[in-house]
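Analysis of the macromolecular model
For reference, the chains in residue letters:
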Amino acid sequence: MVAIFVLLVGVLGVVALSDGAARSTDVTKAREEGTNVARDEIEATHTFQYTGVTQASIYAQLQAQTGLADDDPAAAGWQLKRRGIVYAATVSVCTFDDPKDGLGAHDSSYCSDVGAASTADANSSDYKRLTVNVAWVDPNGTEQVNQATLLRNNSRGPAIATLNTSPTAGIATVTSASSVGFSLTTSLTPARVQWYVDGSYQGDLNSGISGSGTGPYTFTWNLNGACATNSVQDGTYFVAVQAFDATDTSPGQRSLTMNVNRCAPVAPANILGGRNRWGVELNWDDNPEDDVVGYYVYRGIAGATPTQIASGPCGGLVTTSTCIEPDPASSSSLVYYVKAVDRDPSANLRAGGASASLSVTTTNRAPNAPTIGSCGTSPCTIGWYATTDPDSGDSVDYYRIYRDGQAFANRYDVIDNVGSPVVWTEPNAGGTTHTYYVVAVDTHAKESAFSNGVTR
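Attention in this report is confined to the structure presented alongside it. (Residues numbered from 1 in each chain as written. Predicted model: local features only at pLDDT ≥ 70, side-chain atom pairs only at ≥ 80, totals over all residues. Heavy atoms only, no water.)

Focus: the overall build of the protein
A tally of regular secondary structure across the protein gives two helices and 26 strands. Taking 23 Å as the expected radius of gyration for a compact globule of 456 residues, we find that the protein reaches 41 Å, considerably beyond that expectation. Considering only intrachain contacts with a sequence separation of at least 6, the fraction spanning at least 24 residues in the protein is 61%. Put simply, the protein has 27 plus and 44 minus side-chain charges, and the middle of one group is 4 Å from the middle of the other. (Helix = DSSP H or I, 4+ residues; strand = E, 2+ residues; numbered from the N terminus. Rg over C-alpha atoms; globule rule 2.2 N^0.38 Å. Contact = heavy atoms within 4.5 Å. Lys, Arg positive; Asp, Glu negative; His and termini not counted. Charge placed at Lys NZ, Arg CZ, Asp CG, Glu CD.)

See the structure below:
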């Protein structure tokens, strides 16, 4: 009986030890899984948009994630069942204001331990502090784990999610309409939306804007009537919009490329020219429409109707606003005019109106040649006294500098006739010796004889 008693005591000890080990294993597994639940919730919040993480929305956002759905919707609270254990989860969210950049005004959503509120920081939402509590019942009673994380404010404000022409999306070229409608949506509700054309601010959409929340919002770009004096000229434009939140934070603009092609080009302005040592030299103002691809030049003997020049430097489609034509009739007066050329909506070349006529006579005389002083500094700076033009009603318009020769290819720079004396400085000598000449140019593009040369 003594032996049986001793054996029984030993067996009971082993059973108690085994039971204690099993209890300890269950407690450890329960805590391990409770920790995993808390970690799953914490990690999920790092995928959420910062501005959307609020106490009012956090439960719905977390429960929408895979593996975090409420396993007992009928019961109060949020229940997650793992390894046969029911875990009750609670989450709290508050806003944290980093004091290093000043403390802003705080409402009830701010954490209670971030310092006294003030108005020094206009954008005081630096972090969201999210705290997770997971509780469960194990053989030792009610247990719980707590974990917390900081979500950094990486919100860049409300982005423009979509931008289209409206009511028909995809319109990129306007061929006749007097206005274009646009529609946009945003990623977040904006405090305001601005719009631009080629970077030029057109206004806030808050005034008269149609839309709410994240949109769609609509607005209209008024082009005015086609070919009217105050209408938007033909060309390529970038229509951009930009949304801002209440702190003026914005991720940037979104734009559409719009082509306006409603009219033939306007007539070129300020055509000037005359006979020069190279021939008949013509120049005119660049056409203001950026869809112009070139110019047609027309010439006629005085008294005859000008016709388009077919060949040579001024023939066909001239792609610059100047050309020099070998003199076709040096003993006769000539008449010139120019038309700007674009492409119509079918991509065919289309000429606009004619410029004013320019008469090139045989009697225009060259201005007097300047005399220039030596280069006295480095880089070379030369000066001369203003010269005059011998023709009544004509004058020196500007001066042209030639470098390292007197051929057309040696034309280098120009300076306006700004009085007397005139001073010009080499903009880019490049450490090399050069020889310079100056000519005076009158209002008919006629050059004087060359000045003396100076070298430096």
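Brief notes about the nonpolar core
Core analysis: the biggest nonpolar cluster contains 24 residues, and I58, L62, L130 and V134 have the highest contact counts within it. Elements with a contribution of two residues or more to this core: α1 (2–45), α2 (58–63), β1 (78–82), β2 (85–96), β3 (127–138) and β4 (141–152). Residues within four places of L130 in sequence aside, it is in contact with I42, T45, V53, I58, V91, S92, V93, Q147, A148 and T149. Counting residues in each nonpolar core, the second largest holds 21 residues, with F182, W195, Y217 and L223 among its members. (Core = buried A, V, L, I, M, F, W, Y, C linked by side-chain atoms within 4.5 Å. Buried < 20%, exposed > 50% of the residue type's maximum accessible area, 1.4 Å probe, protein only.)

Focus: the pairing of strand β19 (residues 349–354)
The side chains of a regular strand alternate, first on one face of the sheet and then on the other. Relative to β19, strand β18 (residues 334–343) runs antiparallel, the two being bridged by four bridges. Opposite K339, over in β19, you have A354 as the bridge partner. Connecting the antiparallel pair β18 and β19 is a turn made up of five residues, with A347 showing a positive phi of about 75 degrees. (Pairing = 2+ DSSP bridges.)

Digging into the environment of T90
Turning to its location among the elements, T90 is positioned in strand β2. Take T90: its relative accessible area is 41%, and that puts it in the partly exposed class. Sequence-wise, T90 and G352 are 262 residues apart; in three dimensions their C-alpha atoms are separated by 74 Å. When neighbours within four sequence positions are excluded, T90 is seen to be in contact with Y59, T131, V132 and N133.

Things to note about unusual backbone geometry
Leaving glycine out, the prevailing phi sign among residues is negative, and the prevailing peptide bond configuration is trans. Cis peptide bonds are those with omega within 30 degrees of zero, and the linkage from G215 to P216 qualifies with 10 degrees. Its place among the elements puts P216 in the loop between β9 (200–204) and β10 (217–222). In this model, S420 is joined to P421 through a cis peptide bond whose omega is 0 degrees. Mapping P421 onto the fold places it in the loop between β23 (411–416) and β24 (422–425). Positive phi, close to 50 degrees, is recorded for D198, a residue that is not glycine. Considering the arrangement of structural elements, one finds D198 in the loop between β8 (192–197) and β9. For D198, a relative accessible area of 42% gives the class partly exposed.

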